Amino acid sequence: MVNQPLVSIIIPAYRAENTIAFTVRSVLAQTHDHWQVAIGVDDQVDYLQLLAEQGINDPRLKQIFTGGIGSGEAIARNTAVSICDGEILANLDADDAFAPDRLEKLVPLAEKYGVAIDNTGVYNSELVLYKQPFPQRQALSFATAADILSPRIPFFPVFQRQFLADGWTKVPFAADVLFNLELLSRTEKVAIHPDPLYRYYKRDNSITQSANAFETAEKAYLTILSLLDEGALTLTNTIRQAAHQEFSENLALNKVFRRYMEEGRCQNLEQFLDMTNNGQQIEFAAHPN
């Protein structure tokens, strides 16, 4: 439709050869078809050629190279922005997918409120939907800092480009959380659609599934707390305080996660978070009846 706003979908790509075709096909299936894809290549792979070899040729697909290898999602996303033409931007990881009507449902909310997210659907290794951050919500709601911080589930915003500011901050882990908190600070409202329109797949090679998740998380939490203390992020005072409390608690919880790993109670961070309800049932889990 002519009156549809152009949406630039940012896909950071690093070692995504086995998944990116699946991801891009979910964009091709969108009912809102006025979009472009900007792939931020962070491993020097020619993903357009790879996609073409799998029968995916579309002039709306573009790519740009970061010039590095494994520079991180923040740098890949920020690099991709430079080739985006849309006034609406959307995040999509190279191993996830959009539901076919995601843009159709979220773009109008982003136009009205500035930023929109949804009730992220988390899929396990068997590709089965098994959890959402807000399982009880059935109507449009608006995010608080706690909504973004507490679920320990990522959100992938669709937002007006004017709220991008300096983009994503490079940290070892949780760059998306910081960016979403900054979006919340810049806008009056972040709309939450109640449906699981973003399909977030837990992969064996993800940070939360890796054996060294403790070290990565500890480094990230210390870096984030330092950034918060320095006032380096554009956050309101209330959101900054909420973030500092949450990441301080996450840092402490990470030590418990390490102990669980050493004792063989869990194999990765994702399993630890699931079995302890994001750390809220530590005592029960540690001392079962």
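1. Points about the packing of helix α7 (residues 213-230) against helix α8 (residues 237-262)
Step number 1: The geometry of α7 relative to α8 is characterised by a closest axis approach of 9 Å and an angle of 155° between their N-to-C directions. With respect to α8, the axis of α7 lies roughly antiparallel. Of the two possible hands of crossing, α7 and α8 adopt the one that is left-handed. Contacts from Ala-213, Phe-214, Ala-217, Glu-218, Tyr-221, Leu-222, Ile-224, Leu-225, Leu-227, Leu-228 and Asp-229 of α7 reach α8 at Arg-240, Ala-243, His-244, Phe-247, Ser-248, Asn-250, Leu-251, Asn-254, Lys-255, Phe-257 and Arg-258.
Step number 2: Residues belonging to the contact of α7 with α8 are distributed by class as follows: 13 nonpolar, four polar and five charged.

2. Observations regarding the nonpolar core
Step number 1: By size, the foremost hydrophobic cluster in this structure holds 56 residues, and its most contacted members are Phe-159, Trp-168, Leu-181, Leu-228, Phe-247 and Phe-272.
Step number 2: Taken together, the elements giving at least two residues each to this core come down to α3 (73-81), β6 (114-118), α5 (145-149), α6 (175-186), β11 (189-193), α7, α8 and α9 (269-275).
Step number 3: Considering each element in turn, this core owes the most residues, nine residues, to α7.
Step number 4: Discounting chain neighbours no more than four positions away, the residues touching Trp-168 are Ile-10, Ala-74, Arg-77, Asn-78, Val-81, Asn-91, Phe-159, Ala-175 and Phe-179.
Step number 5: Listed in part, the 40 residues of the second largest apolar core include Val-27, Leu-51, Leu-103 and Tyr-200.

3. Here we look at α7
Step number 1: Relative to the 26 Å expected for 18 residues at 1.5 Å per residue, α7 spans 26 Å between its end C-alpha atoms, a close match to the ideal helical length.
Step number 2: Taken as a whole, α7 has its buried residues at Ala-213, Phe-214, Thr-216, Ala-217, Ala-220, Tyr-221, Ile-224, Leu-225, Leu-227 and Leu-228. Summarising the axial view, the buried residues of α7 lie within an arc of 160°, below the 170-degree limit, and thus occupy one face. Among the exposed residues of α7, those pointing more than 90 degrees away from its buried face are Lys-219, Asp-229 and Glu-230.
Step number 3: If you follow the buried residues of α7, they end up packed against α6, α8 and α9.

4. Description of the side chain of His-32
Step number 1: With respect to the helices, strands and loops of the structure, His-32 is situated in the loop between α1 (20-28) and β2 (35-41).
Step number 2: When its relative accessible area of 5% is taken as the criterion, His-32 is described as buried.
Step number 3: A distance of 3.0 Å separates a polar atom in the side chain of His-32 from the backbone oxygen of Pro-5.
Step number 4: Those residues in contact with His-32 that lie beyond four places of it in its chain are Gln-4, Pro-5, Val-7, Leu-103, Glu-104 and Val-107.

Conventions adopted
Note on numbering: residues in each chain are counted from 1, in written sequence order. Reporting in this predicted model follows two pLDDT cut-offs: at least 70 for local features of residues, and 80 or more for side-chain atom pairs to be given and counted; totals over whole chains, interfaces and linings ignore these cut-offs and use all residues. The side-chain quantities take in all heavy atoms of the structure and omit both hydrogens and water. Between the N-to-C directions of two axes lies an angle of 0 to 180 degrees, each axis being a line fitted to C-alpha atoms and, for a helix, fitted only over the stretch in contact. Helix and strand labels come from DSSP, where a helix needs a run of H or I of at least four residues and a strand needs a run of E of at least two; each type is numbered from the N terminus. These descriptions rest on fixed angle ranges, namely under 35 degrees for roughly parallel, over 145 for roughly antiparallel, 65 to 115 for roughly perpendicular, and the rest for oblique. Crossings are sorted by hand: turned counterclockwise from the far helix by less than a right angle, the near helix makes the crossing left-handed, and turned clockwise it makes it right-handed. Contacts are residue-level and defined by heavy atoms, with any inter-residue pair within 4.5 Å sufficient. Throughout, the ten residues Ala, Val, Leu, Ile, Met, Phe, Trp, Tyr, Cys and Pro are labelled nonpolar, Asp, Glu, Lys and Arg are labelled charged, and all others, Gly among them, are labelled polar. As used here, the term nonpolar core means buried Ala, Val, Leu, Ile, Met, Phe, Trp, Tyr and Cys residues forming a set that is joined through side-chain atoms within 4.5 Å. Each residue is placed in one exposure class: buried if its accessible area under a 1.4 Å probe, protein chains only, is under 20% of its type's maximum, exposed if it is over 50%, and partly exposed if it falls in between. A helix is expected to span 1.5 Å for every residue after the first. When we speak of the arc, we mean the arc of directions from the helix axis to the C-beta atoms. The definition of a polar contact used here is a pair of N or O atoms within 3.5 Å, where within protein one atom must be able to donate a hydrogen and the other to accept one, and adjacent residues in sequence count solely through side-chain atom pairs.

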